[in-house]
Amino acid sequence: MASSDKRKAEEGLAEPSETAKRPRVDETEADAPAKLSLKLEILERAKRTLQQKKEFLAAAKKAQAAAAAAASTPAPRQEQAPAVAEPGAGRSQKPAVGTAEEEAPADEGAFFDPEIGHRGGRRMDQRRRGGLQFVEEGKFQKQAEISRLRREYGEGAARQLAARKAAEAAAAAADPSDPNLVPLGERPPREASPAPAPVPAVEWWDARLLTDKTSYGAAAEGEPSIREERITHLIEHPVLIDPPGEAPLPPPQPLMLTKKEKKKMRTQNRQAREKEKQELIRQGLLEPPPPKVKISNLSRVLGEEAAADPTAIETEVRRQMGERAAAHEDRNLARKLTPAEAREKKLRKLLGDPEADPTTSVSLYKVGSLARPQLKFKVSLNAQENHMTGVGLAVEGEFTLVVVEGPPKAQRRYEKLMLRRIQWNAEEEDEQEGMEEAEAPKAPNYCRLVWQGTVLKPSFRKFRVETLRNAAAAKAFLGQYNLSHYWDLAEASVPE
């Protein structure tokens, strides 16, 4: 008994027997035959196991030799790795010899022990190496970020972050056109731009007029290939397309009120202020003003006090009346404009606001003649009164060019003066009535607006009238200010 257990322990192929694990009990002579048969069975199993091990080692050597021979040949044959039985399978039951023989390779023809396994085949499997496995970009960064979140906030925060990133990636893959769904650091794939459409040989609006709708060849060479019956007096108006960016609407203009409406607005504002003041006095937040005592309401306001000492009360009332009048004058004086402010207000009303339109308007007038002193005086004085600059060039035998520069409001008044108010032929008509029939009548005088526009800054410092000999001298005079083209405009101007 002891010798068989020792042999099994040395070989390492069998577990300690059930009798060795059991505690010692008193043996009787009735149990001796059963124990003897058990010992013989265990001995037989050990012998059988040793024989299987020897056969397996021989088969393994044979398989290694066959594998080495196959590796030297050009077309190696892959050996089938023998199946390995789970460890401990032979401890509780006998080895399935028939099954192992069926699973073993057919060329080996040896017994295959699933308990030990194919060690040579296992080493051969370990020699095989797969291809290169590349790591995706950002993999370790994501792992480090998740581990940091797990360390700082716990496992729950890391799982939430991973779930959120997975949801973002899924949403970006579903709709790549939305840039808000693309995760940071990634870009949606760009779609290839469509190829431009080829240029047609004949445009569609010309095809309906040509006999040959495929080319312009015959029409370009001058041959009659146009369908003249298609040409009519009708005009095709294309459909108007709104521009992609509409101009913003102009700001709302301030409401223009009449004098009566302005007075009503002032009255309403004053009543609102007085009502608010009375509400503060009623709440006790403001002291009530003293009674406004006058000579007419002296006895009614003061009552018995006025009867006690009328002279003193009248003196006090007159003093209060003087204080109120002085305060009224002081308020008016405080609101009164200084001479400089009054002058500026008058110019703003006369010329307009220069800050609203900083440009300078220019007008050119072509006058037949300024020989009469009255006409020359009116043209010059009105230009000075409207604070306009410019020059009047009178050329003998030709015409007079009047150039005026100033704000738009002044230009409108001066235009009315030159084209409507001044009677250019009034005196000449009276003179022609008294002339004799033998003398030829003079040509009628006239005044026309040649051109009107804007410039960045004025070219003259004041308005004056110059008399020149000829057109060349007038053009040279304007050339000093780089305005010689004004004379060319006036010469080219003809009456409508």
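Cut-offs and rules
- Residues numbered from 1 in each chain as written.
- Predicted model: local features only at pLDDT ≥ 70, side-chain atom pairs only at ≥ 80, totals over all residues.
- Heavy atoms only, no water.
- Helix = DSSP H or I, 4+ residues; strand = E, 2+ residues; numbered from the N terminus.
- Polar contact = N/O pair within 3.5 Å; in protein donor to acceptor, adjacent residues only side chain to side chain.
- Patch = residues over 30% accessible without salt bridge, like charges linked within 9 Å, V, L, I, M, F, W, Y side chains within 5 Å.
- Areas by Shrake-Rupley, 256 points an atom, 1.4 Å probe, with all protein chains shown as cover.
- Salt bridge = Lys/Arg side-chain N within 4 Å of Asp/Glu carboxyl O.
- Lys, Arg positive; Asp, Glu negative; His and termini not counted.
- Charge placed at Lys NZ, Arg CZ, Asp CG, Glu CD.
- Buried < 20%, exposed > 50% of the residue type's maximum accessible area, 1.4 Å probe, protein only.
- Pairing = 2+ DSSP bridges.
- Axes fitted to C-alpha atoms, helices over the stretch in contact; angles between N-to-C directions.
- Contact = heavy atoms within 4.5 Å.
- pLDDT = per-residue confidence, 0-100.
- Parallel < 35°, antiparallel > 145°, perpendicular 65-115°, else oblique.
- Phe/Tyr/Trp six-rings, centres within 6.5 Å; stacked < 30°, edge-to-face > 60°.
- Lys NZ or Arg CZ within 6 Å of the ring centre and 35° of its normal.
- Arc of directions from axis to C-beta.
- Nonpolar A, V, L, I, M, F, W, Y, C, P; charged D, E, K, R; others polar.

Asks: I would appreciate a short explanation of the side chain of Asn386 in the present structure.
Replies: When you line up the elements, Asn386 lands in the loop between α16 (373–385) and β2 (389–395). Within the local environment of Asn386, its side chain forms a polar contact with the backbone oxygen of Asn382, the two atoms lying 2.7 Å apart.

Asks: Help me understand a positive patch on the surface, please; the structure alone is not making it clear to me.
Replies: A cluster of basic residues, Lys259, Lys262, Lys263, Arg266, Arg270, Arg273, Lys345, Lys349, Lys409, Arg412, Lys416 and Arg420, forms a positive patch on the protein surface. Looking at the positive patch, the elements that each hand over two or more residues are α11 (259–283), α15 (339–351) and α17 (408–421). Sort the elements by how many residues they give to the positive patch and α11 lands first, with six residues. Of note, Lys262 is situated in helix α11. Judged by relative accessible area, Lys262 falls into the partly exposed class, the value being 45%.

Asks: In this structure, what is going on with the sheet that holds β2? I would like to understand it.
Replies: Backbone hydrogen bonds hold the strands of a sheet together, and the pairing may be parallel or antiparallel. The strand order β4-β1-β3-β2-β5 describes an open sheet built from five strands, whose pairing is mixed. Two strands lie at the open edges of the sheet, namely β4 (447–455) and β5 (463–468), each paired on one side alone. For this sheet, the mean angle separating the axes of adjacent strands, direction not counted, is 15°. Packing of α16 onto the sheet brings it into contact with β3 (400–406) and β5, and relative to β5 it is tilted by some 150°. Where helix α19 (residues 471–479) meets the sheet, it contacts β2, β3 and β5, and its direction lies at approximately 165° from that of β2.

Asks: Sorry if this is basic, but what is going on with a nonpolar patch on the surface here?
Replies: Among the surface-exposed residues, Leu255, Leu257 and Met265 lie close enough to one another that they form a single nonpolar patch of about 300 Å² accessible area. When you line up the elements, Leu255 lands in the loop between α10 (217–220) and α11. With relative accessibility at 72%, the residue Leu255 sits in the exposed group.

Asks: How should the confidence of the model for the protein chain be read in this particular structure?
Replies: Predicted coordinates in areas of low pLDDT are best not read in detail. Overall, the predicted model of the protein chain reaches an average pLDDT of 78, with 73% of residues at or above 70. Within the model, pLDDT remains below 50 along residues 12–23, and this stretch shows eleven contacts once partners closer than five positions in the same chain are excluded. Low pLDDT, under 50, characterises residues 75–109; the stretch is placed with 35 contacts to residues that sit more than four places away or in other chains.

Asks: Would you mind showing me how to read unusual backbone geometry here?
Replies: Trans peptide bonds make up most of the peptide bonds, and negative phi angles are found at most residues other than glycine. Positive phi outside glycine occurs at His387, with the angle close to 55°. On the secondary structure map, His387 appears in the loop between α16 and β2. One non-glycine residue, Asn482, lies in the positive phi region at around 60°. Of note, Asn482 is situated in the loop between α19 and α20 (484–492). Accessibility expressed as a relative area gives 65% for Asn482, which makes it exposed.

Asks: Would you explain the side chain of Thr360 in this entry?
Replies: The topology assignment puts Thr360 in strand β1 (residues 360–367). By relative accessible area, Thr360 is classed as buried at 10%. Here Thr360 is in contact with Glu405, Gly406, Gly453, Thr454, Val455, Leu456, Lys457 and Pro458, once residues within four sequence places are set aside.

Asks: I keep staring at the pairing of β1 and nothing clicks. Help me out?
Replies: Within a regular strand, the side chains alternate between the two sheet faces. Burial analysis of β1 places eight of its eight residues in the buried class, which makes it a mostly covered element. Sheet topology places β1 next to β4; eight bridges connect them, and they run antiparallel. Within β4, the residue paired with Ser363 across the bridge is Gln452. Relative to β3, β1 is paired through seven bridges, and the arrangement is antiparallel. Each residue of the ladder has a partner; that of Lys366, found in β3, is Leu401.

Asks: What is the right way to read the packing of α15 against α17 from this model?
Replies: Two packed helices can be described by the angle between their axes and the distance between those axes. At a closest axis distance of 7 Å, the pairing of α15 and α17 adopts a crossing angle of 60°. Comparing their axes, α17 and α15 come out oblique. Between α15 and α17, the contacting residues are Lys349, Leu350 and Leu351 on the first element and Lys409, Ala410 and Arg413 on the second.

Asks: Even after reading the chapter, I still don't get the packing of aromatic side chains, so can you show me in this structure?
Replies: Each aromatic ring pair is described using two quantities: the centre-to-centre distance and the angle formed by the ring planes. A complete count under the given rule lists six aromatic pairs for this structure. Ring plane angle 50° and centroid distance 4.6 Å describe the contact between Phe460 and Tyr481, whose orientation is recorded as tilted. In this pair, Phe460 sits in the loop between β4 and β5 while Tyr481 sits in the loop between α19 and α20, placing the two residues 21 residues apart along the sequence. Take Phe460: its relative accessible area is 7%, and that puts it in the buried class. On the basis of relative accessibility, which here comes to 27%, the residue Tyr481 falls in the partly exposed class. Every member of this aromatic cluster is reached through a ring pair, and the members are Phe460, Phe477 and Tyr481. Cation over ring: Lys366 sits above Phe399, and NZ or CZ is 4.6 Å from the ring centre.

Asks: Which parts of the structure should I look at to understand α20?
Replies: In an α-helix there are 3.6 residues to a turn, and that puts residues three or four apart on one side. Among the residues of α20, those classed as buried are Tyr486, Trp487 and Ala490. The buried residues of α20 all sit within an arc of 95° when viewed along its axis, so they share a single face. Structurally, α20 contributes buried residues whose contacts are with β1, β2, β3, β4 and α19.

Asks: Hey, could you run me through the packing of α19 against α20 in this one?
Replies: Where α19 contacts α20, the axes come no closer than 6 Å and their chain directions differ by 140°. It follows from the interaxial angle that α19 and α20 lie oblique. Across the interface between the two elements, Ala471, Ala474, Lys475, Leu478 and Gly479 of α19 pack against Ser484, Tyr486, Trp487, Asp488 and Glu491 of α20. Grouping the constituent residues of the contact of α19 with α20 by class yields five nonpolar, two polar and three charged.

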